[in-house]
Amino acid sequence: MSAKARIDQFEGTEPVWPTAMRTRLRDGRLVGRPGAGVWLYRRVPMSAVQDAKTMSKMLAASEPLLSAYEAVSALTPIRGGNRRAMVKANYRNVHLLLVNVPTWFEPPREHPCAGDLRDDYGQDSVDRRVLLFGVRLRDQVVGKAGLRGAIDSVMETLMTGGTPIEDFDEDFARVDAALTRAGLLTASASDIRMANAWFNYGLASDPVMRPEVDSIAVFSRPAMARYARDHLADKPMADWPKMDGFHTLSMAAVQDVELDYSPSDSYRAQWATQLVDAGAAVISIRGMVEPARITRKEVEAQQKRYREDINERARNNKLDKDEQHQMLAELESINALYGTGKAPSTLVDASIVVGLGQAVEDMEDLLGPGSPIRLNPMTNRQPAALAETWPCSNVRANPHLLDLPTSTIAFSGVVALSKVGDEPKNGAALAGFTERDRQPAWFNPRAAYEADKSPTYLVAGASGSGKSLMMLHLADQFARADVPVVIVDPKLGSNHQDAVDNSGGQTISLDELLSADGVFDPLRFGMSPDTAVDLAASMLQQVNPWGDNRANFETPSNVALAYGVEHGATCTGQALQIALRDGVAPKEMVDSVISLAESNAQFRAMCGINPTSRALRLAHGITYIRVGNANLSLPEPGATNIGLTQRISINLVRLMVSGSAMALTGRHGVVMLDEAWVFLGAGNSELERLARVARSQSVSAMLFTQRVSDATVAGIDEHIAGGFILPLKRAEAIAACEILQLEPTPERIRRITAEATIGGVGDGELEPNWDSMRALYEPGTRQVIRGSVALYADIHGRVVPVEVKIGANFLSRASTNYEDVAARARQ
């Protein structure tokens, strides 16, 4: 059919339909308008390709689509010979449809922080992407209903112009089973709506449209169409002002796909990804699936013709043509591949139509010189080209028909979608959006132990990488979702109280006696009395406030603590005082402990005196525990001569870990350990114990650190389920990749270690370095133009770059940048 005839078919005397689909049946079949037939569309699973964790995962992403083509190929009956001309009528018509349209971020309605997330990110654009694979079904007139049923079916066709849907049942069952075995999924009603109205962002499929020679204007709002008619009719669309409710599209055809022998994992082979990167909103690929053995016969026939031509030229003493020998060699190579039985099926008479999400005047420069495909504008065929992309459409507007191995399509990147993270449920926090495809990246701390994995996560980032800020932002979201959080901050002078207060949390300073009282007292951990007494006694023995008399008080301290607890004590100091009051404990032993608790805030945190101070276990929301100005005096690794102050610090670090976890046991809470290198040294045994038992305690632990190699030395790396890698120095970047089981390729290490700016030579101004993972600013200002990027390694084996997006309101009250801190102080 000529292009003119195809346009006439679309623009005939019959009413213009806004869709080729009449209805969607409950089982997934789509019934087309008269002449369009009945189709089965299934959804193709999508996963990361460019951001795949490994090469094998990159290639595996294409397997379901490749299997779907092979499944359809296997349904083709081959009778009457192995040549294309003889069996082509039996080939199946298929339609691969990739839809990629922007939409505003919308959190799940049931998410406890939906309102806050909508306020912060409701104007952030995300990609709505779906890939559908359709097969046109065949009716079976004669079958289970016998001759009478066949006659009734024919009569209904003659009277109504349509075939009874029952006639497609047998073929539907066969095709459905084949696609299910290939790994394809059921397409939702939302998926079909998006495919049916991709040109209008998945809204109504019958918007007002104004076709031009090489583009189409789409009016999502009728009021905007009226305005354009009344005020802009005489102006070229290129001169129209930017308006809500109006956008333009350009439809184009792929004329050639010249891959040569490009590896399937190369960007050149990923031509569909190149189209998406260039702004494609839709890629429609139609054709008929040819079994591989038929293609092999066609190749052999071409080989024979080339050999005969070469021999004929030789007999006539004519020089050989180099291109003939080259083509013959290529055909022999292809035939050898088909001879192995591993060759893919072929999509014959393939039509590739692309819809670009903007008006494009010059298709030549759209993809660049390295692209293997050539785009041609569908001049004066824009409406027909649009109609060809519709599900069930029988309109064909593309004059460029190709024969392509189905592997060329499967490995084109058409299945690519960079997504990472957990399901947005149970108080999951929004970590950011994937850098490539703008997909929400959720972090659910419960996901690991619900999947029977160790719920221990690593967040690695150098100073200034955005690591503490990310910690506070996640904690804020958890708290608003009623997930209890304990943040332990051992850094001298660090203070995030403003952010914690604004999140409704409480701050405990270990440099203040009253504030620190009993925060990590073992008697307040909520465990059994016997276990609590043993832990408190062990803490006293290890701190040893009695000096050379420690051995004399080992048994009396145990007896005194047990007696005090039995008589109602809720903290260590109170238990000893009760025992002293009742003559059960030596005065010298108790006085030494109480004197130290009244003079040392860090010891007071482990040995509470006031029974009315609030236990850590009773806290809701965020509990922020800061060392403040009381420096942790930790000894060097391997030191043997350890003084009292160092013994206090060591034991405090240990109890920070075990106490925080015990306080959250059974509450699905999160322990966040900032400057985790401190705990990886002094509290390593407790960290390893936490990593082992956190699953049964329903507690998640997050380790925030810039000294990543310490985790490897400490041996806790084997317990890490996932995490985030922010900008780091080279050695730490390599260590972080190894801990998260990510290959430290030169490209990854380059990005992790890259500086935020480039240029600045001579009088040149420093410019943002978009290859860097650090936050980028408008030159000469503090205006963020892109947040920090983190490699998010989730528990599902995916690692994808994510832009850490932090709402402006939270950022203003939580930033640890010097200028931001100073600005808050001036308020």
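Whatever comes next refers back to the structure up there.
Draft legend 1. Region of the structure containing the packing of helix α24 (residues 644–664) against helix α26 (residues 684–697). α26 packs onto α24 with a crossing angle of 5 degrees between their chain directions and a minimal axis gap of 10 Å. The orientation of α24 with respect to α26, classified from their angle, is roughly parallel. On α26, the residues touching R654, V657, S658, A661, M662 and L664 of α24 are E686, L687, L690 and Q697. Within the contact of α24 with α26, the residues separate by chemical class into six nonpolar, two polar and two charged.

Draft legend 2. Structural context of the packing of aromatic side chains. This model, assessed by the stated rule, comprises 15 aromatic pairs. Where F219 meets F246, the ring centres are 5.4 Å apart and the plane angle is 35 degrees; that geometry is what we call tilted. In this pair, F219 sits in strand β8 (residues 216–219) while F246 sits in strand β9 (residues 246–257), placing the two residues 27 residues apart along the sequence. By relative accessible area, which is 5% here, F219 ends up buried. With a relative accessible area of 16%, F246 lands in the buried category. Relative to Y792, the ring of F724 has its centre 4.3 Å away and its plane inclined at 25 degrees; by these criteria the two rings are stacked. Highlighted residues: F724 in strand β22 (residues 720–725) and Y792 in strand β27 (residues 789–793), separated in sequence by 68 residues. A relative accessible area of 1% places F724 in the buried class. Residue Y792 is classed as buried on the basis of its relative accessible area of 2%.

Draft legend 3. Main features of the sheet that holds strand β15 (residues 440–443). Within the open sheet, the eleven strands sit side by side as β15-β14-β28-β27-β22-β16-β21-β20-β17-β19-β18. Their pairing is mixed. Each edge of the open sheet carries a strand with a single partner, namely β15 and β18 (506–509). Shown here is a sheet whose adjacent strand axes are inclined to one another by a mean of 25 degrees, direction ignored. Strand direction decides the pairing type here: strand β16 (residues 456–460) and β22, joined by five bridges, are parallel. Residue pairing across strands places V459 opposite F724, the latter belonging to β22.

Draft legend 4. Representation of the nonpolar core. Counting residues in each nonpolar core, the largest one holds 90 residues, and the members touching the most others are L510, F603, F679, L687 and L728. Element by element, the count of residues in this core is highest for α24, at ten residues. Ignoring anything within four residues of it in the chain, the contact list for L687 reads V657, L673, F679, L680, L703 and I716. Counting residues in hydrophobic clusters, the runner-up holds 63 residues, among them W271, A272, L402 and V414.

Draft legend 5. Structural context of the environment of K453. Inspection of the secondary structure assignment puts K453 in the loop between α15 (447–450) and β16. We classify K453 as partly exposed; its relative accessible area is 34%. Residues K453 and R692 lie 239 residues apart in sequence; the distance between their C-alpha atoms is 9.8 Å. Apart from residues lying up to four places away in sequence, K453 is in contact with A448, R695 and I795.

Draft legend 6. Layout of the packing of helix α21 (residues 572–581) against helix α22 (residues 587–597). One can describe the packing of α21 onto α22 by two numbers: an axis separation of 10 Å at closest approach and a directional angle of 155 degrees. Taken together, the axes of α21 and α22 lie roughly antiparallel to each other. Seen from above, α21 lies across α22 with left-handed handedness. Residues G573, L576, Q577 and L580 of α21 form the contact with α22, whose participating residues are K587, M589, V590, D591, V593 and I594. Partitioned by chemical class, the residues of the contact of α21 with α22 number six nonpolar, two polar and two charged.

Draft legend 7. Highlighting the state of the cysteines. Tallying each qualifying case throughout the model produces zero disulfides. Here C571 is not cross-linked by a disulfide; its sulfur's nearest cysteine counterpart is in C607, at 7.5 Å.

Draft legend 8. View of unusual backbone geometry. In this structure, N380 is a non-glycine residue whose phi angle is positive, near 60 degrees. By relative accessible area, N380 is classed as exposed at 53%.

Draft legend 9. Broad picture of helix α3 (residues 63–74). The terminal C-alpha atoms of α3 lie 16 Å apart, and with twelve residues this matches the ideal 16 Å at 1.5 Å per residue to within 8%. Within the sequence span of α3, burial applies to P64, L65, L66, A68, Y69, A71, V72 and S73.

Draft legend 10. Region of interest: the environment of V415. When you line up the elements, V415 lands in the loop between α14 (406–410) and β14 (429–434). Spatially, the C-alpha atom of V415 lies 8.9 Å from that of T273, the residues being 142 residues apart in sequence. Not counting the four nearest positions on each side in its chain, V415 is found in contact with V44, P45, M46, S47, V49, A61, S62, L65, L131 and A410.

Draft legend 11. Focus on the pattern of salt bridges. All told, the structure shown has 32 salt bridges when counted by the stated rule. In this structure, R128 and D191 form a salt bridge, with 3.5 Å as the shortest nitrogen-oxygen distance. Of this pair, R128 sits in strand β5 (residues 125–136) while D191 sits in helix α8 (residues 189–196), and the two are 63 residues apart along the sequence. According to the relative accessible area criterion, R128 is partly exposed, its value standing at 22%. Residue class for D191 comes out buried when judged on its relative accessible area of 7%. Measuring nitrogen to oxygen at the nearest pair gives 2.8 Å for the salt bridge that ties D771 to R750. Residue D771 is located in the loop between β24 (766–768) and β25 (776–777), and its partner R750 is located in helix α29 (residues 746–753); the two are separated by 21 residues in the primary sequence. For D771, a relative accessible area of 25% gives the class partly exposed. Overlapping salt bridges bring together E435, R750, R751, D771 and R786 as one network.

Draft legend 12. Expanded view of the side chain of S700. For S700, the position within the fold is in strand β21 (residues 699–705). The exposure class of S700 is buried, given its relative accessible area of 1%. Those residues in contact with S700, other than ones at most four positions away along the chain, are P445, R446, Y449, P455, Y457, G669, V670 and V671.

Quick notes on the rules
- Residues numbered from 1 in each chain as written.
- Predicted model: local features only at pLDDT ≥ 70, side-chain atom pairs only at ≥ 80, totals over all residues.
- Heavy atoms only, no water.
- Axes fitted to C-alpha atoms, helices over the stretch in contact; angles between N-to-C directions.
- Helix = DSSP H or I, 4+ residues; strand = E, 2+ residues; numbered from the N terminus.
- Parallel < 35°, antiparallel > 145°, perpendicular 65-115°, else oblique.
- Contact = heavy atoms within 4.5 Å.
- Nonpolar A, V, L, I, M, F, W, Y, C, P; charged D, E, K, R; others polar.
- Phe/Tyr/Trp six-rings, centres within 6.5 Å; stacked < 30°, edge-to-face > 60°.
- Buried < 20%, exposed > 50% of the residue type's maximum accessible area, 1.4 Å probe, protein only.
- Pairing = 2+ DSSP bridges.
- Core = buried A, V, L, I, M, F, W, Y, C linked by side-chain atoms within 4.5 Å.
- Left-handed = near helix turned anticlockwise from the far one by under 90°.
- Disulfide = S-S within 2.5 Å.
- Expected span 1.5 Å × (residues − 1).
- Salt bridge = Lys/Arg side-chain N within 4 Å of Asp/Glu carboxyl O.

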